[in-house]
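A look at the structure
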Protein chains: 2
Amino acid sequence: MSQFENVTAVKAANIYYDGKVTSRTLLFSDGSKKTLGILLPGDYEFGTEAAEIMEMLAGEVEVLLPGETEWQTVVGGETFNVPANSKFGIKVKTVADYCCSYIE
Amino acid sequence: MSQFENVTAVKAANIYYDGKVTSRTLLFSDGSKKTLGILLPGDYEFGTEAAEIMEMLAGEVEVLLPGETEWQTVVGGETFNVPANSKFGIKVKTVADYCCSYIE
């Protein structure tokens with residue numbers, strides 16, 4: 001699906017790490033939420049509240065998922081899952097475009 | 001208005017200047033279009049096709065509008081207009097969040 005229809009788009013951006021990580025929030029009629037975001041090259045750590053499905057739309061990152069000891073490469077077209085209430089590391093190799101779905 | 005309802009959000013980002021300028025496209029039921037974007041600090045030049053209303057949501061930039069010789073400071077909460085089929089310069093001082101409306 002190349003676009004999301006009948007959604008509510010929050011106007012203000014979510015801005016992290018001095019703007020090197022930013023996203024926009026989309027709210028769906030079923031009460032669910034996604035963010036569309038950009039990751040610029042760098043090393044970051046994020047915490048989750050809800051579980052997340054991270055769909056990489058473009059770019060290349062390495063992720064260290066909770067409980068893992070090895071970084072895993074994820075490129076555009078691939079997806080990784082993060083459990084609720086956890087932390088994960090991400091090393092962004094090239095500008096990355098993503099769609100994150102929150103699973104309540 | 002802090003959010004846009006009943007819009008179509010294009011999934012893939014628009015990415016310029018190695019990701020230092022990115023935006024997301026929103027399509028409205030009346031056929032109009034807006035983009036929600038982020039500008040990281042730097043100097044850029046953009047060309048327009050449609051006329052644009054640039055609403056700065058956050059951050060500070062200086063703009064050189066077509067036909068002008070002086071740069072003008074624009075901060076979050078302020079707006080500037082760019083004519084169709086023109087070019088403008090923008091110097092981004094602090095991470096800027098914007099909403100751009102295209103006037104066909």
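Structural notes, computed from the coordinates. Keep in mind it's a predicted model, so treat the numbers as computed, not measured.

Definitions and limits used
- Residues numbered from 1 in each chain as written.
- Chains lettered and ligands numbered in written order.
- Predicted model: local features only at pLDDT ≥ 70, side-chain atom pairs only at ≥ 80, totals over all residues.
- Heavy atoms only, no water.
- Helix = DSSP H or I, 4+ residues; strand = E, 2+ residues; numbered from the N terminus.
- Rg over C-alpha atoms; globule rule 2.2 N^0.38 Å.
- Buried < 20%, exposed > 50% of the residue type's maximum accessible area, 1.4 Å probe, protein only.
- Least-squares fit on C-alpha atoms with pLDDT ≥ 70 in both.
- Contact = heavy atoms within 4.5 Å.
- Salt bridge = Lys/Arg side-chain N within 4 Å of Asp/Glu carboxyl O.
- Pairing = 2+ DSSP bridges.

1. Structural notes on the overall build of chain A
- Each helix and strand in chain A was counted, giving 0 helices and 9 strands.
- Starting at the N terminus, the α and β elements of chain A follow one another as β-β-β-β-β-β-β-β-β.
- In summary, chain A has a C-alpha radius of gyration of 13 Å against a globular reference of 13 Å for 104 residues, a match within 12%.
- The principal-axis extents of the C-alpha atoms in chain A amount to approximately 40 × 25 × 25 Å.
- Evaluated residue by residue, chain A yields a buried proportion of 45% over its 104 residues.

2. Here's the deal with the relation of the copies chain A and chain B
- Each copy superposes on the other: chain A lies on chain B with an RMSD of 0.0 Å after a rotation of 180 degrees and an axial shift of 0.0 Å. Given the turn and translation reported, the copies of this chain are related as if by a two-fold rotation axis. The position closest to the rotation axis in chain A is occupied by the C-alpha of Asn6(A), lying 2.1 Å away.
- Both copies contact each other with a shared surface, as 100% of the interface residues of chain A are interface residues in chain B too.

3. Focus on the environment of Phe80(A)
All names here are of chain A.
- Along the chain, Phe 80 falls in strand 8 (residues 79-82).
- Its relative accessible area of 2% is what places Phe 80 among the buried residues.
- Here the alpha-carbon distance between Phe 80 and Ser 29, two residues 51 residues apart in the chain, equals 25 Å.
- Each residue touching Phe 80, except ones within four places of it in the same chain, is listed here: Glu 52, Ile 53, Met 54, Met 56, Val 63, Leu 65, Val 74, Phe 88 and Ile 90.

4. Digging into the interface of chain A and chain B
- Tallying the contact residues gives 30 residues for chain A and 30 residues for chain B.
- Remark: the boundary between chain A and chain B carries 4 salt bridges.
- Between Arg24(A) and Asp97(B) there is a salt bridge, with its nearest N and O atoms 2.6 Å apart.
- Sorting the residues of the side of chain A that touches chain B by element identifies strand 1 (3-10), strand 3 (21-27), strand 4 (33-39), strand 6 (51-64) and strand 9 (87-103) of chain A as the ones contributing at least two each.
- Where strand 1 of chain A meets strand 1 (residues 3-10) of chain B, 5 bridges bridge the pair, whose relative direction is antiparallel.

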